[in-house]
Amino acid sequence: MSHTDAGTYAITEKDARFIKKHSSTLIAFGEFIDGYDLTVISVAMVFLSKTFALSALDKGLLVAVSFVGTAVGLIVFGDLSDRIGRKRVFAFNLWVFILSAIAAAFITQVWMLWVMRFLIGVAVGMDLSTSAAFLAEIAPARRRGRITGALLNAMLVFGAIFSVILALSLYAVVPDSHQEWIWRGMFLFAAVPALIVLMLRRRLPESPRWLIQNGQEAKAWAIVHALGLADEITQARPQATRRSYATLLHGQARKRVVVATAFFMLNSTAGPVVSFMGPIIFAAVGLKETNNLLITLAANVVAALALIIGGTQIDKVNRRTLGLYTSAVLTVAAAVMGLLGGVSPWVLAISFVVWSFTTYFGPGMLSVVWSVEAYPTELRGFGAGFTQSMARVMSATVVFLIPVLMDRFGYIAIAPFALVYLAMFLLVLTNPWLSGTSGHLEEISADEPQAV
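It should be emphasised that the depicted structure is a prediction, and the values quoted were computed from it without experimental measurement.

Chemist: Is there a simple way to explain the side chain of E137 in this structure?
Modeler: Here E137 shows up in helix α4 (residues 110-138). Of the polar contacts made by the side chain of E137, one reaches the side chain of R86; its length is 2.6 Å.

Chemist: What am I meant to see in the pattern of salt bridges here?
Modeler: Proximity of charged atoms lets side chains of opposite charge pair with each other. Summed over all chains, the structure comprises eleven salt bridges. A salt bridge links R392 to D34, with the shortest nitrogen-to-oxygen separation between them at 3.1 Å. One end of the pair, R392, is in helix α18 (residues 380-409); the other, D34, is in helix α1 (residues 13-52), with 358 residues separating them in the sequence. Take R392: its relative accessible area is 9%, and that puts it in the buried class. Among the charged side chains, a network of salt bridges with common partners joins D82, R86, E137 and R380.

Chemist: Please clarify how the packing of helix α3 (residues 86-104) against helix α7 (residues 191-201) should be interpreted in this entry.
Modeler: For any two helices packed against each other, one specifies the crossing angle of their axes together with the interaxial distance. Running from N to C, α3 and α7 cross one another at 160°; their axes reach a closest spacing of 9 Å. Here α3 is positioned roughly antiparallel relative to α7, judged by the angle of their axes. Crossing of α3 against α7: the hand is left-handed. Mapping the contact onto sequence places K87, F90, A91, N93, L94, W95, F97, I98, A101 and I102 in α3 and A191, A194, L195, V197, L198 and R201 in α7. Within the contact of α3 with α7, the residues separate by chemical class into 13 nonpolar, one polar and two charged.

Chemist: Where do I start with the confidence of the model for the protein in this structure?
Modeler: Atom-level detail of predicted coordinates should not be read off regions where pLDDT is low. Per-residue confidence for the protein gives a mean pLDDT of 82; residues scoring 70 or more make up 89%. Helix α19 (residues 417-429) holds the highest mean pLDDT among the elements of the protein, 96, whereas strand β1 (residues 3-6) holds the lowest, 47. Note that pLDDT drops below 50 for residues 1-7; the model gives that stretch 20 contacts with residues more than four away or on any other chain. In this model, residues 447-452 is a region of pLDDT below 50 whose contacts with residues beyond four sequence positions or in other chains number 13 contacts.

Chemist: Explain the nonpolar core here, please?
Modeler: In this structure, F97, M186, F187, V273, W355, I414 and F417 are the most contacted members of the largest nonpolar core, which totals 107 residues. Top element by residues in this core is α1. It accounts for eleven residues. In terms of nonpolar packing, the next biggest core, distinct from the first, is built from 37 residues, I27, L152, V224 and A226 among them.

Chemist: Which parts of the structure should I look at to understand the environment of L322?
Modeler: Secondary-structure assignment places L322 in helix α15 (residues 319-340). Classification of L322 as buried rests on a relative accessible area of 11%. Residues L322 and P363, spaced 41 residues apart in sequence, show a C-alpha to C-alpha distance of 8.4 Å.

Chemist: For this particular structure, what's the right way to read a nonpolar patch on the surface?
Modeler: A cluster of nonpolar side chains, namely L339, L340, V343, F409 and I412, defines an oily patch on the protein surface of about 510 Å² accessible area. Position of L340 relative to the elements: it lies in helix α15. Its relative accessible area of 42% is what places L340 among the partly exposed residues.

Chemist: How should the environment of E373 be read in this particular structure?
Modeler: Here E373 shows up in helix α17 (residues 363-373). Judged by its relative accessible area of 2%, E373 is buried. Polar side-chain contacts of E373 include one of 3.0 Å to the side chain of R144.

Chemist: What is the right way to look at the packing of aromatic side chains in this model?
Modeler: Aromatic ring pairs: the centre-centre distance and the angle between the two ring planes describe each pair. Here the structure, examined in full by the defined rule, presents 13 aromatic pairs. Measuring from centroid to centroid gives 6.2 Å for Y36 and F189, while their planes differ by 50°, and the two rings are tilted. Here Y36, found in helix α1, pairs with F189, found in helix α6 (residues 180-189); they are 153 residues apart in sequence, far enough to count as distant. A relative accessible area of 29% places F189 in the partly exposed class. Taken together, a centroid distance of 5.8 Å and an interplanar angle of 75° make the contact between W355 and Y421 edge-to-face. Of this pair, W355 sits in helix α16 (residues 345-361) while Y421 is found in helix α19, placing the two residues 66 residues apart along the sequence. Taken individually, W355 and Y421 each receive the classification buried, so the pair is uniform in this respect. What links up through ring pairs into an aromatic cluster is the set F29, F32, Y36, F162 and F189. The ring centre of F18 lies 3.9 Å from the NZ or CZ of R203, which sits over that ring.

Chemist: It is not clear to me how a positive patch on the surface should be interpreted in this structure. Could you clarify?
Modeler: Taken together, the side chains of K20, R142, R143, R146 and K316 present a region of like positive charge at the surface. Along the chain, R142 turns up in the loop between α4 and α5 (144-173).

Chemist: Looking at this structure, I do not really get α7. What am I missing?
Modeler: Since the α-helix turns once every 3.6 residues, residues separated by three or four places project in the same direction. Of the positions making up α7, those classed as buried are A191, P193, A194, V197, L198 and R201. Each buried residue of α7 lies within a common arc of 165° when the element is viewed along its axis, so the set occupies one face.

Chemist: Hey, could you run me through the layout of surface pockets in this one?
Modeler: Summary: where empty space remains is shown by rolling a probe the size of a single water molecule over the atoms. Taken as a whole, the largest pocket holds about 380 Å³ of empty space. As for the largest pocket, its lining consists of 21 residues, of which S24, R143, R146, I147 and L151 are closest to the centre. Where the lining of the largest pocket is concerned, the elements lending two or more residues are α1, α5 and α14 (289-313). For the lining of the largest pocket, the per-class residue count stands at twelve nonpolar, five polar and four charged.

What counts as what
Residues numbered from 1 in each chain as written. Predicted model: local features only at pLDDT ≥ 70, side-chain atom pairs only at ≥ 80, totals over all residues. Heavy atoms only, no water. Helix = DSSP H or I, 4+ residues; strand = E, 2+ residues; numbered from the N terminus. Polar contact = N/O pair within 3.5 Å; in protein donor to acceptor, adjacent residues only side chain to side chain. Salt bridge = Lys/Arg side-chain N within 4 Å of Asp/Glu carboxyl O. Buried < 20%, exposed > 50% of the residue type's maximum accessible area, 1.4 Å probe, protein only. Axes fitted to C-alpha atoms, helices over the stretch in contact; angles between N-to-C directions. Parallel < 35°, antiparallel > 145°, perpendicular 65-115°, else oblique. Left-handed = near helix turned anticlockwise from the far one by under 90°. Contact = heavy atoms within 4.5 Å. Nonpolar A, V, L, I, M, F, W, Y, C, P; charged D, E, K, R; others polar. pLDDT = per-residue confidence, 0-100. Core = buried A, V, L, I, M, F, W, Y, C linked by side-chain atoms within 4.5 Å. Patch = residues over 30% accessible without salt bridge, like charges linked within 9 Å, V, L, I, M, F, W, Y side chains within 5 Å. Areas by Shrake-Rupley, 256 points an atom, 1.4 Å probe, with all protein chains shown as cover. Phe/Tyr/Trp six-rings, centres within 6.5 Å; stacked < 30°, edge-to-face > 60°. Lys NZ or Arg CZ within 6 Å of the ring centre and 35° of its normal. Lys, Arg positive; Asp, Glu negative; His and termini not counted. Charge placed at Lys NZ, Arg CZ, Asp CG, Glu CD. Arc of directions from axis to C-beta. 1 Å grid on protein atoms, 1.4 Å probe; cavity = no way out; pocket = protein on both sides within 12 Å on 5 of 7 lines; lining within 4 Å. Points joined across faces, edges and corners; volume = space filled by probe spheres on them.

Here you go:
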């Protein structure tokens, strides 16, 4: 048989193989761009400060403005992806990112960079909400945690690692008299992976669950067969239902949304300290640029290792138990860094690495998985966008305040994040139903939450 049939719509065997093998990776690759972009501004800050004489306030604003733009892109375009489809948003967002990244490389004033960073953030937000929804909708139940949680976060970390490696490479070859081309080159390069992903994503199909929801069943089932999801979707068949925001405001649906959003917000309040602020934190103890970047690189490699290990376990273990243990460890790590980080660079480095590993081993994966599971298909893009936008607002606030507070109070400004992780621990502790989130997507988003 030369093609996969479903009514009047057909997919060739070649395209079917491509879809099954590469769809998840190409969708998740948008997070590589996100990780590169969100880390590159912190890494580039080491060199930007020499060009523009940035104050602590300037540094906080330059990092925060991307998160604000991301929050806008998440909620606006997440909702749009529910209305017009996931694939259409994918095409538009990458063009915005490419053009903004190129423009950012040639700015001559700090305010220009604020504008470009905001637009890049909007483009990242468009991709994040759509990617999270899309991945959840094509992932088999037995691997949904690995694909939506581990794969997305792994791409983010790989993007961050690449940004540090690029900075180290440019630092090695660019003369001291032209060091502004380190940060300009880093901004400019962001357009390259975005262009590659844009071209490759043209071969991706639309989300089959979105197609069924919107009455395009023939096309949807051809894609379902290509993805090898026929048995699973037959067992828990998506339904075409009326799209209404009110469904999220009542009963157990509201409980799922509130808990998932609160968990993501708490993780995004404390997580950016190690995810994106490493270069600024280590610069405060006077580390030279190369040592600073190497420690940041090491922390991201540790995070990648955490995701590789965590990705093999998240679909096997009790997710609530994972959330409880990792939140407890993070409470201690944040307290140690805040109270003792200024005593010794070794204490600072060890607590930083433990914090980074544990963040990605637990809450980094769980926050994404729980957020996409909380919403029905007809509102998943909007819902994932809403949850992540609230989280990005918290991240924006934190990355704005950290340089200012550390400049004034030193490492003690980090200690209160231990209370954030304690709140995360209590949230998971009081919601036993979080254990049972490994069934079919339709069952989770529709049924009464049950403890397992």
